[in-house]
Amino acid sequence: MSNSKPAQVIDEHIVEIVSDSGEGAQKCGQTFGTIGAKMGNGIWTVEIIPAEIQPPARSPAGASGNRIRVGSRYMTNMGNEADLVVAFNEQVLFSRIANGAYKNGTIVLLESKWASDPQEEIRAAYTQAVKEFREHGLIVHELNFEVECLKLVDNARKGKNMFALGMLCRIYSRDVEKGHSEIHNAFAYKGDKVVKINQELFDAGYAFARDKVDYHYEIPPYTSDVKAKPMMVCNGNTAVGLGVMASGMDLVSMYPITPATSASHYIAEVFDKVGGFVHQAEDEIAAIGFAIGASYAGKTACTITSGPGMALKTELMGLAVMGEIPLVIIDVQRGGPSTGLPTKVEQGDLLSSLFGMPGDAPKIILAAATIAECFHLPITARKLAEAFRGPVILLTDANLATGVQPWERPVLQEEWLADPVDQSEWDKSVPAYDWDETTGLSPRPIPGQPGGMYVLTGLSHTNRSKVAYDSDTNQTTMEFRSRKLAALQSTLKPPTIHGDESGDLLVVGWGSTLGAIDEAVDTLRAGGQKVSSIHLRFLSPLEPGLKEIFARFKKVMTIEINYSDSVDAPLITEENRRRAQLANILRMQTLVDVDCWSKVYGHPLQPGELIEVLEQRLAALNS
Amino acid sequence: MFGIKADWSLDVFERYFTLGDYSGGEARWCPGCGDFAVLNTVHRVLRDAQLPPEKSVAVSGIGCSSRLPHYMGTYGLHGLHGRALPLANGVKAHRPDLDVWVATGDGDCFSIGAGPWIHSVRLNMDMVVLVFDNAIYGLTKKQTSPTSPTGMKTNTHPRGAPLPALNPLTITLGISNASFVAQVVDWNPPLLYQTIKAAHAHRGTSFVRILQRCPVFSNEFCKPLQEHPDKFVLLEHENGILLDEAVKRVFSDVERHDPRDWLGAMKFARDEQRIPLGLLYHDPDAVVYEDISARDLGKSDEEKIVAINKAMDAFAI
């Protein structure tokens, strides 16, 4: 093949690069995404991550890489099936096919060195796989990248990723200079020599694709002037890290857990310059204990974890509720229960965040829907934790954690930062919990303040924090702690409706599904369907006005990434059906017969899949 | 007085603290409980140090001894079972100016809190950790604790505790970066005072195991020790705890032991015939974690914003 045809202009493409773990496909994909963002395209990237660090080579379970959706408009989700795939071996593609990632017509640029492997089984497996891929409708081009890379490096495992990046940059008419400069950014810490060899690999890949690949596209930028609004591009965990720092919190206490840890890695990298500290505790319980101690004695602290860590932290979260200690708990949700799916997405921690502890423990729960919100909500959470004197849980998930999207660069505000620790004299006549009758709110004394001495306790206590087991004290203080949520809700606005204010079907979502839901709703609306959506950021307390909004639609349903019984599953009845988590809460709080659709596939929702589901529901409504 | 004008020192005298300033509500332990002696000693050490009560924080877990913060006039944090130490470490993390005390027990520290015990000793944050060891669970009414001697009859082991007791001294000494390990009994006030005073003066985590009387549930643990002071060996050294002559008259088996000598400390800690009293080990130069955790604090809002902006530049497009 030789290619001198002009580039075909397209609106968007979904590109995947898949390899064995350790071959650098993730770095290639991230860099390709960043170059796209810098050229003014909308992008959304999703990591393809095996659960093990070094899974066996050439195994479907070991697929590692990146999916990049790049287009001429703002991208909010990973889209449907891929258009073009670069694969370093054929086996890793089997898991992607099983995940429904490819369609009839997906182009696969496949490393062909396996066809001449010295081992007969490998040669046979390769030939068989290519045959199956073609039967499946994939357009497979067998190309020997290895040979080209070996002209420049001794070990093609180290370097093939930048060769592939060069190929993709040629195929998608990316700017070569931008490619070189991203390679520089990625490898500068390893020295000039490494930068140079990777740039040479990139150039070789670019030339190879020009000469050997018959595909050549152009994806115009979605805005003519990218510089008009300063943008940033990073994943959700990095955005969380930046948000934590911008909130003025100066202590993050954590224990390593996937997929949350990279947020703490990022914070640890720069926190010393911002004036903060990451404490790695001996376990999840000690991590929250340390954060609570720090919050009690000073500024609001933060702990970042995922589902199993949330479970371990439960008892101390209860102490923060009872003792009214401001605290920000960030839960980057993964698949559960138990160890579950450590690297995959799920929205499974909503009910456990809300109810997962003994007694009544009212707390504020927020959920980020976009990468920008991963930045902004820690700031909101810190303020709420202090104003409402208690723990705030911020839910994100594995999809946001590793997803990359450009977002508007925030202008940092001094008012976002926490006030210095108050050490002025406390008016002795004011008790440690001077609960306001209407709101349940009270100011808190901080150790070091003369006159404010009190003993914080998890036991039932009076306004002076004296242990009290009597009936009235327990009843009234529980009322005060609960009332704080009603007080917060009274300050919130009803959610914005995406689409018409009334109609046939209302879809309610929360968290990282926003982009996929909106895209599905928009497509259906363009086809004349009366479907709208709302997306909740406040889960506790719920945003107000829901019952009234629900009344304007024939049917309300949630779309979530967590488990629910299908209506048509064996033995399932209206009474025993276990519904998706938000659906339960909405039914409970509004008495509206809210339906749901949810799956635990472990991957983000595809708009195409949602369109099918919603079409069925709409058809049933109107039949 | 002394030729200096009185108003020069007025502030100091206005804030002279008495024992009452460090005490809170009336302590409600059982009559004869050893905890009273420790509480009174803590009050005395604070009064003698003349620390403003608002600068001290008493942190505890759950159990009889963990009620101590409620009987202090300082700030207090009565936490959860086994979690006193992480909470106390958190208090100290960004507030090195606060004077931190931890009250914990043999169940709270050596059983449910065993993980934090090990890691907190290693963090070596500046605080006094008083372990009230009565070899029994008191608040939950007489269950076997890790330090219950073999054969002690309890509600969970009515035919006697089946295992050899855990040795908290050898374990604590075995933790890297341990800096102050002492053992004392609640029923000898001068030794208790000198030991806790030395613990308070040490910068780092001062681990003090207090053999403590529980006349209600584990009388057989301390009673024989009280009656036979010859079961103890009192450690004496100029680098150790100042010993009152009265103390030496009670515990007449006195041995010289330099608390810098770790191997010697381990030998006394392992001795099954004689129970060591006093300072076993002291390393004044161990790493103190708040020197790390609070190192970068104190940036102005402007500096913070500049630094975060610089961090964001790396992701700018």
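The structure displayed is predicted, hence computed values, not measured ones.

A short note on the overall build of chain B
Alright, step 1. Of the regular secondary structure elements, chain B holds 13 helices and eleven strands.
Alright, step 2. Taking 20 Å as the expected radius of gyration for a compact globule of 317 residues, we find that chain B reaches 21 Å, a close match to that expectation.
Alright, step 3. Summarising its shape, the C-alpha atoms of chain B cover approximately 70 × 65 × 40 Å along the three principal directions.
Alright, step 4. Relative to all contacts within chain B whose residues are 6 or more apart in sequence, the contacts with residues 24 or more apart total 67%.
Alright, step 5. A total of about 13,400 Å² of accessible surface is found on chain B, and carbon and sulfur atoms cover 54% of it.
Alright, step 6. For chain B, the separation between the mean place of its 32 positive charges and that of its 37 negative charges on side chains is 5 Å.

Observations regarding the domain arrangement of chain A
Residue and element names in this part refer to chain A.
Alright, step 1. Under the domain assignment used here, chain A contains domain 1 (8-228), domain 2 (235-414), domain 3 (422-491) and domain 4 (503-622).
Alright, step 2. Listed as interface residues are 26 residues of domain 2 and, on the opposing side, 23 residues of domain 4.
Alright, step 3. Summed over both sides, the interface between domain 2 and domain 4 buries roughly 2,000 Å², with carbon and sulfur atoms accounting for 62% of that surface.
Alright, step 4. Between domain 2 and domain 4 we count one salt bridge in total.
Alright, step 5. Note that Glu373 and Arg537 form a salt bridge whose closest N and O atoms lie 2.8 Å from each other.
Alright, step 6. On inspection of domain 2 and its partner domain 4, the count reaches 14 residue pairs in polar contact (both at pLDDT 80 or more).
Alright, step 7. Considered class by class, the residues forming the side of domain 2 that touches domain 4 number 15 nonpolar, five polar and six charged.

Section: the packing of aromatic side chains
Alright, step 1. Tallied over the entire structure, the rule returns 27 aromatic pairs over all chains.
Alright, step 2. With centroids separated by 5.7 Å and ring planes inclined at 70°, the aromatic side chains of Tyr266 of chain A and Phe315 of chain B adopt a geometry described as edge-to-face. Pair noted here: Tyr266 of chain A is in helix H9 (residues 261-274) and Phe315 of chain B is in the segment after helix H13 (301-313), and the two residues belong to different chains. The same class applies to Tyr266 of chain A as to Phe315 of chain B, namely buried.
Alright, step 3. Seen from their ring centres, Phe375 of chain A and Trp407 of chain A are 5.5 Å apart, and the 40° between their planes marks the pair as tilted. In this pair, Phe375 of chain A is assigned in helix H13 (residues 371-387) and Trp407 of chain A in strand E16 (residues 404-408), connecting sequence segments 32 residues apart.
Alright, step 4. We classify Trp407 of chain A as buried; its relative accessible area is 1%.
Alright, step 5. One aromatic cluster is present, formed by Tyr296, Tyr433, Trp435, Tyr454 and Phe480 of chain A together with Tyr75 of chain B through successive ring pairs.
Alright, step 6. When the ring centre of Trp114 of chain A is taken as reference, the NZ or CZ atom of Arg58 of chain A above it lies at 4.5 Å.

Quick look at the sheet that holds strand E1 (residues 56-60) of chain B
Alright, step 1. Taking strand neighbours across the sheet as the criterion, the ten strands line up as E17(A)-E2(B)-E1(B)-E3(B)-E4(B)-E8(B)-E7(B)-E11(B)-E9(B)-E10(B) in an open arrangement whose pairing is mixed. Of all the strands in the sheet, the pair left with one neighbour each is strand E17 (455-457) of chain A together with strand E10 (254-256) of chain B. Put simply, the sheet's adjacent strands are angled 20° from each other on average, direction ignored.
Alright, step 2. Here three bridges tie strand E9 (residues 232-236) of chain B to E10 of chain B, and the two strands are oriented parallel to one another.

Regarding the pairing of strand E6 (residues 102-111) of chain A
Residues and elements named next belong to chain A.
Alright, step 1. Counted residue by residue, E6 has seven buried out of ten residues, so it is predominantly covered.
Alright, step 2. Here five bridges tie strand E5 (residues 82-87) to E6, and the two strands are oriented parallel to one another. Residue pairing across strands places Val85 opposite Val108, the latter belonging to E6.
Alright, step 3. Taken together, E5, helix H2 (residues 91-98) and E6 constitute a β-α-β crossover, and its handedness is right-handed.
Alright, step 4. Of the pairings in the sheet, the one linking E6 to strand E7 (residues 139-143) comprises five bridges and is parallel in character. Across the sheet, residue Ile107 finds its bridge partner in E7, namely Ile139.
Alright, step 5. The handedness of the E6 to E7 crossover, carried by helix H3 (residues 120-135), is right-handed.

What to know about the interface of chain B and chain A
Alright, step 1. Contacts between chain B and chain A engage 50 residues on the former and 62 residues on the latter.
Alright, step 2. In this assembly, chain B packs against chain A so that about 4,800 Å² is buried in total across both faces, 66% of it on carbon and sulfur atoms.
Alright, step 3. When the area that chain B buries against chain A is broken down by residue, the three leading residues are Tyr75, Phe315 and Ile317 of chain B, summing to 18%.
Alright, step 4. Counting the contacts that link chain B with chain A gives one salt bridge.
Alright, step 5. With a closest N to O distance of 2.9 Å, Arg409 of chain A and Asp313 of chain B form a salt bridge.
Alright, step 6. Joining chain B to chain A, the criterion identifies 21 residue pairs in polar contact (both at pLDDT 80 or more).
Alright, step 7. Of all elements in the fold, only strand E2 (75-78), helix H4 (84-93), helix H6 (114-123), helix H12 (290-293) and H13 of chain B reach the threshold of two or more residues within the side of chain B that touches chain A.
Alright, step 8. When residues of the side of chain B that touches chain A are assigned to their parent elements, the largest contribution, ten residues, is made by H13 of chain B.
Alright, step 9. Classifying every residue of the side of chain B that touches chain A by side-chain character gives 25 nonpolar, 13 polar and twelve charged.
Alright, step 10. Alignment of E17 of chain A against E2 of chain B, held across three bridges, turns out to be parallel.

Some remarks on the sheet that holds strand E22 (residues 595-598) of chain A
All names here are of chain A.
Alright, step 1. Ordered by their spatial adjacency, four strands build an open sheet running E19-E18-E21-E22, and the pairing between neighbours is parallel. Every other strand in the sheet has two partners, leaving strand E19 (531-536) and E22 as the edge strands with one partner each. For this sheet the average axis-to-axis angle between neighbouring strands, irrespective of direction, equals 25°.
Alright, step 2. Sheet topology note: the strand E18 (residues 503-510)/E19 ladder contains six bridges and is parallel. Opposite Val507, over in E19, you have Ser533 as the bridge partner.
Alright, step 3. The sheet contacts of helix H16 (residues 514-526) involve E18, E19 and strand E21 (553-560), and relative to E19 the element is tilted by about 165°.
Alright, step 4. This element, helix H18 (residues 581-590), spans E18, E19, E21 and E22 of the sheet and lies at about 140° to E21.

What to know about the pairing of strand E11 (residues 277-280) of chain A
Residues and elements named next belong to chain A.
Alright, step 1. Pairing analysis gives four bridges linking strand E10 (residues 251-254) to E11, with the strands arranged parallel. The residue bridging Leu251 from the neighbouring strand is Phe277, located in E11.
Alright, step 2. Considered for its hand, the β-α-β crossover made up of E10, H9 and E11 is right-handed.

A closer look at the pattern of salt bridges
Residues and elements named next belong to chain A.
Alright, step 1. Taken as a whole, this structure holds 50 salt bridges over all chains when the rule is applied.
Alright, step 2. In this structure, the salt-bridge partner of Arg134 is Glu142, at a minimum N-O distance of 3.4 Å.
Alright, step 3. Judged by its relative accessible area of 42%, Arg134 is partly exposed.
Alright, step 4. With a shortest N-O distance of 2.7 Å, Asp593 and Arg587 are connected by a salt bridge.
Alright, step 5. Given a relative accessible area of 42%, Asp593 falls into the partly exposed group.
Alright, step 6. Members of the salt-bridge network, linked through shared partners, are Asp11, Glu12, Arg69, Arg73 and Glu519.

Some words on helix H11 (residues 262-270) of chain B
Residues and elements named next belong to chain B.
Alright, step 1. Residues of H11 that are buried: Gly264, Ala265, Met266, Phe268 and Ala269.
Alright, step 2. Tucked into the core, H11 has its buried residues touching helix H7 (168-173), E9, E10 and strand E11 (275-282).
Alright, step 3. A distance of 3.3 Å separates the backbone nitrogen of Leu263 from a side-chain oxygen at the start of H11, and that oxygen is part of Asp261.

Looking at the nonpolar core
Alright, step 1. Counting 92 residues, the largest nonpolar core has Tyr296, Val508, Leu536, Phe550 and Leu586 of chain A together with Val102 of chain B as the members making the most contacts within it.
Alright, step 2. Residue contributions to this core peak at eight residues, all from helix H10 (residues 284-297) of chain A.
Alright, step 3. With sequence-adjacent residues up to four places away left out, Phe550 of chain A is seen in contact with Leu506, Val508, Ile534, Val556, Leu586, Thr590, Val592 and Val594 of chain A.
Alright, step 4. If you look at the next biggest cluster of nonpolar residues, it comprises 60 residues, including Val252, Ile267, Val332 and Leu384 of chain A.

So, helix H8 (residues 236-246) of chain A
All names here are of chain A.
Alright, step 1. With eleven of eleven residues buried, H8 is to be regarded as a mostly interior element.
Alright, step 2. What H8 keeps buried is the set Gly236, Asn237, Thr238, Ala239, Val240, Gly241, Leu242, Gly243, Val244, Met245 and Ala246.
Alright, step 3. At the N-terminal boundary of H8, the capping side chain belongs to Asn235, with an oxygen 3.1 Å from the backbone nitrogen of Asn237.
Alright, step 4. One or two steps after H8, the chain reaches Gly248, where phi turns positive at roughly 85°.

Calculation notes
- Residues numbered from 1 in each chain as written.
- Chains lettered and ligands numbered in written order.
- Predicted model: local features only at pLDDT ≥ 70, side-chain atom pairs only at ≥ 80, totals over all residues.
- Heavy atoms only, no water.
- Helix = DSSP H or I, 4+ residues; strand = E, 2+ residues; numbered from the N terminus.
- Rg over C-alpha atoms; globule rule 2.2 N^0.38 Å.
- Contact = heavy atoms within 4.5 Å.
- Areas by Shrake-Rupley, 256 points an atom, 1.4 Å probe, with all protein chains shown as cover.
- Lys, Arg positive; Asp, Glu negative; His and termini not counted.
- Charge placed at Lys NZ, Arg CZ, Asp CG, Glu CD.
- Domains from an automatic or database assignment.
- Buried area = accessible area lost by both parts, 1.4 Å probe.
- Salt bridge = Lys/Arg side-chain N within 4 Å of Asp/Glu carboxyl O.
- Polar contact = N/O pair within 3.5 Å; in protein donor to acceptor, adjacent residues only side chain to side chain.
- Nonpolar A, V, L, I, M, F, W, Y, C, P; charged D, E, K, R; others polar.
- Phe/Tyr/Trp six-rings, centres within 6.5 Å; stacked < 30°, edge-to-face > 60°.
- Buried < 20%, exposed > 50% of the residue type's maximum accessible area, 1.4 Å probe, protein only.
- Lys NZ or Arg CZ within 6 Å of the ring centre and 35° of its normal.
- Pairing = 2+ DSSP bridges.
- Axes fitted to C-alpha atoms, helices over the stretch in contact; angles between N-to-C directions.
- Right-handed = clockwise from strand over helix to strand, strands pointing away.
- Core = buried A, V, L, I, M, F, W, Y, C linked by side-chain atoms within 4.5 Å.

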